[in-house]
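Listed here are the chains, written in short residue letters.
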Amino acid sequence: MPLMEISVVPVGRESGSFRDVVQEICQSVEEAGLKYQMTPTATVIEGEVDPLLQIAGDIHRQSFRDGVERVVTHLVLDDRKQERMELDAQVSKVKNGGGS
């Protein structure tokens, strides 16, 4: 299953914090029924390609609020044909020194 990392930065906000944007991202992902994991700098979401790209667009558009004129969205889509990838399994492999 593909994994997508998304990071959203609303530019030009009065506050340097965008915790509320991250909270909205997590809520949108939960409402879409997708599994996710927050990191300090991004959110990783597990799902099929089309739903991942749909939620990425939704998240990007949703970030234009409170007078924000510019949003920078960074995406990484990791899709592997030979082996099913899952969020928990990928993290566990790294922590436990497992395979590829």
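Right above here is the structure, for reference.
A.B. asks: Where do I start with the sheet that holds strand β4 (residues 70-78) in this structure?
C.D. replies: As a general point, the strands of a sheet are linked pairwise by backbone hydrogen bonds and lie either parallel or antiparallel. Read from one edge to the other, the open sheet built from four strands follows the order β2-β3-β1-β4, with strand pairing classed as antiparallel. The open sheet terminates on both sides in strands that have one partner only, identified here as β2 (35-38) and β4. Neighbour-to-neighbour, the strand axes of this sheet turn through a mean angle of 20°, independent of strand direction. Packed on one face of the sheet, helix α1 (residues 19-31) meets β1 (3-11), β2 and β3 (43-46) and runs near 160° to β2. The strands touched by helix α2 (residues 49-62) are β1, β3 and β4; relative to β1, the strand with the most contacts, the crossing angle is about 10°.

A.B. asks: How should a negative patch on the surface be read in this particular structure?
C.D. replies: Taken together, the side chains of Glu48, Asp50, Asp78 and Asp79 make up a negatively charged region of the molecular surface. With respect to the element layout, Asp50 can be found in helix α2.

A.B. asks: Explain the side chain of Ser28 to me, please; I cannot follow it from the model alone.
C.D. replies: Position of Ser28 among the secondary structure elements: in helix α1. Not counting the four nearest positions on each side in its chain, Ser28 is found in contact with Ile55 and Gln62.

A.B. asks: I would appreciate a short explanation of the pairing of β1 in the present structure.
C.D. replies: Relative to β3, β1 runs antiparallel, the two being bridged by four bridges. The residue bridging Ile6 from the neighbouring strand is Thr43, located in β3. Pairing analysis gives nine bridges linking β1 to β4, with the strands arranged antiparallel. Of the residues in β4, the one forming a bridge with Val11 is Arg70.

A.B. asks: In this structure, what is going on with the environment of Val49? I would like to understand it.
C.D. replies: Locating Val49 in the fold gives a position in helix α2. On the accessibility criterion, Val49 (24% relative accessible area) is partly exposed. Separated by 29 residues in sequence, Val49 and Asp78 have C-alpha atoms that sit 9.5 Å apart. If sequence neighbours within four positions are ignored, Val49 has contacts with Pro2, Leu77 and Asp79.

A.B. asks: Explanation requested: α2 in the structure shown.
C.D. replies: Because each turn of an α-helix spans 3.6 residues, side chains separated by three or four positions end up pointing in the same direction. Along its 14 residues, α2 runs 20 Å from first to last C-alpha, staying within 8% of the 20 Å computed at 1.5 Å per residue. For α2, every residue scored as buried is listed here: Leu52, Ile55, Ala56, Gly57 and Ile59. In this structure, the buried residues of α2 make contact with β1, α1, β3 and β4.

A.B. asks: Quick question: what am I supposed to make of the nonpolar core here?
C.D. replies: Considering soluble globular proteins, one finds that nonpolar side chains tend to be buried as a cluster. Grouped together as the largest cluster of nonpolar side chains are 14 residues, with contacts concentrated most on Val8, Val29, Ile45, Ile55 and Ile59. Secondary-structure elements contributing two or more residues to this core are β1, α1 and α2.

Here is what the cut-offs are and how they apply
- Residues numbered from 1 in each chain as written.
- Predicted model: local features only at pLDDT ≥ 70, side-chain atom pairs only at ≥ 80, totals over all residues.
- Heavy atoms only, no water.
- Pairing = 2+ DSSP bridges.
- Helix = DSSP H or I, 4+ residues; strand = E, 2+ residues; numbered from the N terminus.
- Axes fitted to C-alpha atoms, helices over the stretch in contact; angles between N-to-C directions.
- Contact = heavy atoms within 4.5 Å.
- Patch = residues over 30% accessible without salt bridge, like charges linked within 9 Å, V, L, I, M, F, W, Y side chains within 5 Å.
- Areas by Shrake-Rupley, 256 points an atom, 1.4 Å probe, with all protein chains shown as cover.
- Salt bridge = Lys/Arg side-chain N within 4 Å of Asp/Glu carboxyl O.
- Lys, Arg positive; Asp, Glu negative; His and termini not counted.
- Charge placed at Lys NZ, Arg CZ, Asp CG, Glu CD.
- Buried < 20%, exposed > 50% of the residue type's maximum accessible area, 1.4 Å probe, protein only.
- Expected span 1.5 Å × (residues − 1).
- Core = buried A, V, L, I, M, F, W, Y, C linked by side-chain atoms within 4.5 Å.

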